[in-house]
Structure formats: C-alpha cells, structure tokens
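Here is how the chains run, residue by residue.
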Amino acid sequence: MTAVAIKMYTQEEYLELERAAEYKSEYYRGEIFAMSGAKFNHNRIKENLSVAIGLFLKGKSCNSLSSDMRVHIPENTLYTYPDLLIVCGKPILLDEHMDTLLNPSVIIEVLSPSTASYDQGKKFYFYRSMESLVEYILIDSQEVGAVVHRKGSDGVWFVSSEAYDIKGSVEIGHIGLTIKMSDIYEQTIGIL
C-alpha cells in the first residue's frame, strides 16, 4: 500500500485560491478543507438569528455579519466561516481585500450532525485564542437547544446562558440581547 501525499499550502496560496473559488473552504496548518452546504433548518435558524440580531444592532456600535465573512486566527493559522458573528467597535481586517475579519466579539455556530463535535470541541479551542472574542454561542439544528459560552474578566470561559425548551430564551450578554427560543426556531421543520 502506498500513502497518498497531502498537498500543503501556505496561507497566501490558500487566500489566492479561496478568493477565486466558487465555494468556501477552511484552512488549518497548510491543509484546505472544503465546506459542505447546510440543510433547511440550519439555514432557517441562521436567518432567524441574523434578522433578530441585525434589527437589535441597528444604529449601535456593533455589527452582525453572515457566514460569508471569513475569520482568521493568526495564533493557530485557522481561516474559517462562522455561521454568524458580531463585531463591536472598528472591524480589524487582514488586508485591503476586506474579506477576512480578525476581531469578532461574538461567534455563533449552528450545529449540524457533521460539524457538531468539531464546533463544540476543537473549533471552540481555536476560537478561545482570539483576544477579542467574549462569547461563543452554539445552537442545535436538530432539536431545541442553545448554549452561550462567555469569557470572564479573568479569561476563564463559562456557560452564561442556556435553554433546551421552546419557551426558554438565551442572552447574548455582550450586546444585551435576550432571544426567545421560539424566535430562533420559528419556521423550522420537525423541531417544534
């Protein structure tokens, strides 16, 4: 049996390929990983959150951005596309292309069966190295469930809000927004 060599890329090569690609890919330590499309409930939840957060932030110093905004973590080389993010204050961008954010304040990931373990484990580990990040929110796309992880003033992460009932709610404390679970899961199929 022969081993298949994995082609390794520099970060510059990845960005050049990614900016010309018709699909999104993540990058980590020289490897490029194609991203798969999301199912209906995943997209519905993401849109519900995007509308609620976007309306709440209108006229404020924070902005919400969708999954087309790439985030880079220089400490561990990761380039990724969170489902939704919030940046407060002036956005810090990688370069003049203005397509890679370096300072998200809040990251929201909608869990899919194929990504749930990664999003809750290794990806959260990677995200925690970002000094600007103060909240990491996980929303289940298979059943009602949301967890808000928050970084304390001592730098230690803890669960600040969670809900597993459609009558519950979660708080994005960094921006002072409480979202009802019924609003997050509105118009999903087979969850309620």
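This report concerns the structure included in the present document.

## Here's the deal with the nonpolar core
Within the largest apolar cluster, 25 residues are counted, with the highest numbers of intra-cluster contacts made by Leu49, Ile53, Ile108, Ile139, Ile172 and Ile184. When residues of this core are traced back to their parent elements, those giving at least two are α2 (40-57), β6 (84-88), β8 (106-111), β9 (135-140), β10 (146-151), β12 (169-172), β13 (177-180) and α5 (181-184). Among the elements that take part in this core, α2 stands out by supplying 4 residues, more than any other. Setting aside chain neighbours within four positions, we find Ile53 in contact with Ser64, Leu84, Ile86, Ile108, Ile172, Ile175, Leu177 and Ile179. Counting 19 residues, the second largest nonpolar core, distinct from the first, contains Val71, Val87, Tyr127 and Tyr136.

## Structural notes on the pairing of strand β11 (residues 157-163)
In this structure, β10 lies alongside β11, joined through 6 bridges in antiparallel fashion. Following the sheet pairing, Lys151 is matched in β11 by Trp157. Connecting β10 to the next strand, β11, in antiparallel fashion are 5 residues, including Gly155 with a positive phi near 85°.

## Some words on the sheet that holds β8
Judged by pairing direction, the sheet is mixed, and its 6 strands sit side by side in the order β3-β6-β8-β9-β10-β11 without closing on themselves. Both outer strands of the open sheet, β3 (62-66) and β11, are each paired with one neighbouring strand and no more. Adjacent strand axes in the sheet meet at a mean angle of 15° when their direction is disregarded. Packing of α2 onto the sheet brings it into contact with β3, β6, β8 and β9, and relative to β3 it is tilted by some 160°.

## What to know about unusual backbone geometry
Positioned with a positive phi, Arg29 is a non-glycine residue whose angle comes to about 45°. On the secondary structure map, Arg29 appears in the loop between β1 (25-28) and β2 (31-34). When its relative accessible area of 55% is taken as the criterion, Arg29 is described as exposed. Positive phi is not limited to glycine here, since Gln187 has a value of about 65°. Looking at the element boundaries, Gln187 is found in the segment after α5.

## Digging into α2
Residues three or four positions apart in an α-helix share a direction because the helix packs 3.6 residues into each turn. Over its 18 residues, α2 extends 25 Å from the first C-alpha to the last, a length consistent with the 26 Å expected when each residue adds 1.5 Å. Looking only at α2, the buried set comprises Asn41, His42, Ile45, Lys46, Asn48, Leu49, Ile53 and Leu57. For α2, the arc enclosing every buried residue in end-on projection is 160°, short of the 170-degree limit, so these residues lie on one face. Residue Gly59 follows α2 closely and has a positive phi angle near 80°.

What counts, and at which threshold
- Residues numbered from 1 in each chain as written.
- Predicted model: local features only at pLDDT ≥ 70, side-chain atom pairs only at ≥ 80, totals over all residues.
- Heavy atoms only, no water.
- Core = buried A, V, L, I, M, F, W, Y, C linked by side-chain atoms within 4.5 Å.
- Buried < 20%, exposed > 50% of the residue type's maximum accessible area, 1.4 Å probe, protein only.
- Helix = DSSP H or I, 4+ residues; strand = E, 2+ residues; numbered from the N terminus.
- Contact = heavy atoms within 4.5 Å.
- Pairing = 2+ DSSP bridges.
- Axes fitted to C-alpha atoms, helices over the stretch in contact; angles between N-to-C directions.
- Expected span 1.5 Å × (residues − 1).
- Arc of directions from axis to C-beta.

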